[in-house]
Amino acid sequence: MSKLLKRYDVLALVLFFLLSVFLEYQEAFSLLEDETLSYRQILRTYLADDAVTTPSKDVVIVYTDEEFYSEYGKFPLTRVDLSTIVVDLKKMGAKVIAVDLLLDFKSAYGEDPSLEDAFKEAGNVLLVSQAVFEEEEYVQLNRAIDRFAAITTSGYSNISSNSTIREIMVRLRIYPEIAEQEEDGWPVAVQAVAAFLEQQAAIEGNQLLIGENLRVNLDQFNDMYIDYPQLPPDGLGGTQKLHDVIGISALDLIFAEDEEELEELSFLFDGKIVLIGEVAEVAHDEFETPVGNVFGVEIIANSIATILKGAPLQPASLLPEILLTAVFMLGLFGTTLLQNPLPRTLLASIVFLVYTVYVGVVYIYQGTIYSMSYVLIAGFLSELVIYLRFYLEERGQKILIRAAFGQYLSPKIVSDLVKNPDKLSLGGQEREMTAYFSDIAGFSTFSETLNPTQLVLLLNDYLTEMCNIIIGSEGTVDKFEGDAIVAFWGAPTVQTDHARLACYASIEMNQLLAELRVKWAAQSHPAIHVRMGLNTGVMLVGNMGSAQRMNYTMMGDSVNLAARLEGANKVYKSDLMISQSTYDQVADDVDVRELDTIRVVGKSEAVTVYQLLDKKDRITGSMADLIDFYNQGLDLYKQREYAGAIEKFKQGIAIHDDDGPCLTLLVRCQQYLTSPPSNDWDGVFTLAEKG
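The paragraphs below set out a description of the structure included in this document. (Residues numbered from 1 in each chain as written. Predicted model: local features only at pLDDT ≥ 70, side-chain atom pairs only at ≥ 80, totals over all residues. Heavy atoms only, no water.)

## Focus on the overall build of the protein chain
Each helix and strand in the protein chain was counted, giving 26 helices and 25 strands. For a compact globule of 691 residues, the expected C-alpha radius of gyration is about 26 Å, and the protein chain comes in at 48 Å, more than 25% above that figure. In the protein chain, buried positions account for 49% of the 691 residues. Of all intrachain contacts in the protein chain linking residues separated by at least 6 positions in sequence, the fraction that spans at least 24 positions is 71%. For the protein chain, the accessible area works out to roughly 33300 Å², and carbon and sulfur atoms hold 53% of it. Of the charged side chains in the protein chain, 52 are positive and 98 negative; the average position of the first set lies 16 Å away from that of the second. (Helix = DSSP H or I, 4+ residues; strand = E, 2+ residues; numbered from the N terminus. Rg over C-alpha atoms; globule rule 2.2 N^0.38 Å. Buried < 20%, exposed > 50% of the residue type's maximum accessible area, 1.4 Å probe, protein only. Contact = heavy atoms within 4.5 Å. Areas by Shrake-Rupley, 256 points an atom, 1.4 Å probe, with all protein chains shown as cover. Lys, Arg positive; Asp, Glu negative; His and termini not counted. Charge placed at Lys NZ, Arg CZ, Asp CG, Glu CD.)

## Side note on the state of the cysteines
Throughout the structure, instances matching the rule amount to zero disulfides. No disulfide involves Cys-669; its sulfur sits 11 Å from that of Cys-662, the nearest cysteine. For Cys-669, a relative accessible area of 0% corresponds to the buried category. (Disulfide = S-S within 2.5 Å.)

## A closer look at the pattern of salt bridges
What the rule picks out here adds up to 18 salt bridges. Of the charged contacts in the structure, one is a salt bridge between Arg-143 and Glu-182, with a shortest N-O distance of 3.0 Å. Note that Arg-143 is positioned in the loop between β4 (137–142) and α8 (146–149) and Glu-182 in the loop between α9 (176–181) and α10 (188–197), a separation of 39 residues in sequence. For Glu-286, the salt bridge is made with Lys-241, and the minimal N-O distance between the two is 3.5 Å. Residue Glu-286 is found in strand β13 (residues 286–289), and its partner Lys-241 is found in the loop between β10 (223–225) and α11 (242–246); the two are separated by 45 residues along the sequence. A relative accessible area of 32% means that Glu-286 is categorised as partly exposed. Relative accessible area serves as the criterion here: at 24%, Lys-241 is assigned to the partly exposed category. Each of Glu-116, Lys-120 and Arg-147 takes part in a single network of salt bridges with overlapping partners. (Salt bridge = Lys/Arg side-chain N within 4 Å of Asp/Glu carboxyl O.)

## Thoughts on the sheet that holds strand β7 (residues 201–204)
Strand order in the open sheet formed by three strands is β7-β8-β9, with antiparallel pairing between adjacent strands. Single-partner strands in this sheet number two, and they are β7 and β9 (214–217). Averaged over all adjacent pairs, the angle separating strand axes in this sheet is 25°, with direction ignored. By the bridge criterion, four bridges tie strand β8 (residues 207–210) to β9 in an arrangement that is antiparallel. Opposite Leu-208, over in β9, you have Val-216 as the bridge partner. Running at roughly 35° to β8, α10 makes contact with β7, β8 and β9 of the sheet. (Pairing = 2+ DSSP bridges. Axes fitted to C-alpha atoms, helices over the stretch in contact; angles between N-to-C directions.)

## Looking at a nonpolar patch on the surface
Together, Ile-42, Leu-43, Tyr-46, Leu-47, Val-291, Leu-353, Val-357, Val-361 and Tyr-365 make up an exposed nonpolar region whose accessible area comes to about 820 Å². Secondary structure elements with two or more residues in the nonpolar patch: α3 (31–47) and α16 (341–366). Looking at the secondary structure, you find Val-361 in helix α16. Taking relative accessible area as the criterion, Val-361 reaches 37% and is therefore assigned partly exposed. (Patch = residues over 30% accessible without salt bridge, like charges linked within 9 Å, V, L, I, M, F, W, Y side chains within 5 Å.)

## With respect to the pairing of strand β22 (residues 576–579)
Judged by which residues are buried, β22 turns out to be covered on both faces: Leu-576 and Ile-578 on one side and Met-577 and Ser-579 on the other are all buried. Relative to strand β24 (residues 607–615), β22 runs antiparallel, the two being bridged by three bridges. Counted as the bridge partner of Ile-578 is Tyr-610 from β24.

## Some words on the side chain of Asp-184
The residue Asp-184 is located in the loop between α9 and α10 in this model. Of the side chains with opposite charge, Arg-143 lies nearest to the buried Asp-184, which makes no salt bridge, at 4.4 Å. A distance of 3.3 Å separates the side chain of Asp-184 from the side chain of Ser-154, its partner in a polar contact. In contact with Asp-184, not counting residues within four places along its chain, are Leu-141, Arg-143, Thr-153, Ser-154, Gly-155 and Gln-191. (Polar contact = N/O pair within 3.5 Å; in protein donor to acceptor, adjacent residues only side chain to side chain.)

## Observations regarding unusual backbone geometry
Pro-76 follows Phe-75 through a cis peptide bond whose omega is 0°. Topologically, Pro-76 is positioned in the loop between α5 (66–72) and α6 (79–91). One non-glycine residue, Glu-474, lies in the positive phi region at around 65°. Along the chain, the position of Glu-474 falls in the loop between α20 (452–472) and β18 (476–481). Since its relative accessible area comes to 24%, Glu-474 is described here as partly exposed. Here the phi dihedral of Asp-617 falls at roughly 65°; this positive angle occurs in a residue that is not glycine. By the element assignment, Asp-617 lies in the loop between β24 and α24 (621–638).

## Some points on α16
Taking 1.5 Å of rise per residue, 26 residues should cover 38 Å, and α16 covers 36 Å from first to last C-alpha, within 8% of that figure. For α16, the set of buried residues is Arg-344, Ala-348, Val-351, Tyr-355, Val-359, Gly-360, Val-362, Tyr-363 and Ile-364. One or two positions beyond α16, positive phi appears at Gly-367, with a value near 75°. (Expected span 1.5 Å × (residues − 1).)

## Focus: the pairing of strand β1 (residues 59–64)
With six of its six residues buried, β1 lies for the most part within the structure. In β1, alternate side chains face the same way, and those of Val-59, Ile-61 and Tyr-63 on one face and Val-60, Val-62 and Thr-64 on the other are all buried. The pairing of β1 with strand β11 (residues 247–249) spans three bridges and is parallel. Considered in β11, the bridge of Val-62 is made with Ile-248.

## Things to note about the nonpolar core
Core analysis: the biggest nonpolar cluster contains 48 residues, and Ile-61, Val-190, Leu-208, Ile-210, Leu-275, Ile-304 and Ile-307 have the highest contact counts within it. Sequence-distant contacts of Val-190, that is, excluding residues within four places in its chain, are made with Ile-174, Ala-201, Leu-208, Ile-210 and Ile-307. Leu-458, Met-466, Ile-469 and Leu-576 belong to the second-largest nonpolar core, a separate cluster that totals 41 residues. (Core = buried A, V, L, I, M, F, W, Y, C linked by side-chain atoms within 4.5 Å.)

## Things to note about the environment of Tyr-63
Within the element layout of this structure, Tyr-63 appears in strand β1. Exposure remark for Tyr-63: the relative accessible area of 11% places this residue in the buried category. Sequence separation between Tyr-63 and Val-14 is 49 residues; the distance between their C-alpha atoms is 53 Å. Apart from the residues lying within four places of it in its own chain, the contact partners of Tyr-63 are His-243, Gly-247, Ile-248, Ser-249, Ala-250, Gly-277 and Val-279.

## With respect to the packing of α20 against helix α21 (residues 498–522)
Where α20 meets α21, the closest approach of the two axes is 10 Å, and the angle between their N-to-C directions is 150°. Regarding the angle of α20 to α21, the classification is roughly antiparallel. Crossing of α20 over α21 shows right-handed handedness. Judged by residue contacts, Leu-458, Asp-461, Tyr-462, Glu-465, Met-466, Ile-469 and Ile-470 of α20 engage Ala-505, Glu-508, Met-509, Leu-512, Leu-513, Leu-516, Lys-519 and Trp-520 from α21. (Parallel < 35°, antiparallel > 145°, perpendicular 65-115°, else oblique. Left-handed = near helix turned anticlockwise from the far one by under 90°.)

What follows is the structure, given as structure tokens:
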């Protein structure tokens, strides 16, 4: 737990989501949230139940549009003709007549008396007003002129976007403070429904009550989400306007020929809420909504329909909102536990997708509104921090790997480790590899001839040159033990030709040593001769040690044999000894001579060993003649023909008087002439010392 608390990405995750809940509750910014509501509402109109998406049958719009004014011949609608429409609607049984025209000025043509008479005769007229605010504080209602206001009711038609950047009409806000101060202090949609149901409106907590049976849940700001209906296509690639579906042109009323024609139209209005309003572009009364541009009178109609349905779009309460956000957060927390970027990205994508789909589904089918943009933004920012942490850790890990292994591994292998740092985790794996051990012959003796500074400089020169070859051949320098070098091929990256790489590197080191001896002799340094041992087999390789300090190294019997072979060179006065298992893999790549079949200290199994001479087919001249005599002598030795073998070894020594293998087997054959091995001898020579 303490480690988790120290993880800044986890802390950022929690902080972002706590902040998202706070900002969502405060509605600090609504632009993106309203955009998500737009898409959800469009899907709702197509996928939700018809009872929800069908326009209300209790609301009718009497509209004036361009076609109306073209035939009417003047603009705007005169108050005399408006009075005719109001009276006719009353005659046709309209229960509520709401006029979406702000009649806050006197007619210049003396038309007010006729309209006043019409309002009196109808007795069920609702006029729009405007609520005035200064710095978000309510100031007053701008109502119709007194002669109209005295005989009608009114309701404010203010509706505005929650976003200060983009004007999109999603919610109807109800102001309790206006209702407390004003007799007609309700939105026109609320007033229309109250008159239609013949009930009084009231606010209790965050609920709008109209009578005892109609309750509408509001959000924390007393906003009601407007549920826009599905509208049929217009045949031109778009959709019809609401007034085309539930409306009738004012032309049909003004130019009705007689009472009989009006009576035929009465079924449209009888017992309904009738809205009279402009849908002409010249009136500039069009607003952006989740389902496209909608005229002001249509927004009122949609608001009325939403209230009559009990406001099916309901904001989720705080507790479910917090719980859903917590589930989303926990899903993203899971990504902090995944090192591999592919499953981490996959999990994050699934969490985002599931949350988005769930929030969309409950909106479409249940009408429950959960915050989307706030939570998704918090999730996006959280994932940025999570990915940043992994990036910085990976970058730091790469720097550490390069710093720790750059001096001991080839650039190619270091690059592989940087791409796959899991190879350096604590623990190991069994793998076939080739181990290399080397040691300076007679190091204690010649080190006494040098002062400490000279010795360090000479060793550094020697170790640097040898390691350059190892690293250049894609080997791994395991460790230095004084003058000894331990290395291996086949890890940390898989090398199918590890035996060949190791043998070639050893040959190159041996050849370079001959050149270095000339250089060191010129500096009055003693000659350095190095014994090397190689063995191929299954080994345990990996990071060994503690969590505080690890060493990438190798272990196992195959490793120990390589070390024994390095020491066995001392017996045969050879320089580079390889095992049978190594030779089996490089027989086509190198020239060797068989040295013996031996049993090293601490091992019961015998192993045939070879002196590694050079790359394939490079042994020529006197050395080739020496090898020929040596091989003949070795065959005679194996047949226990020691006298003949002695002659062949002597012929080899005549070519190179310091040839160690010839000298070694010569002495052994001379001993066997006087003290031959037992008849059941298996030909294996057992070493008495490690070397």
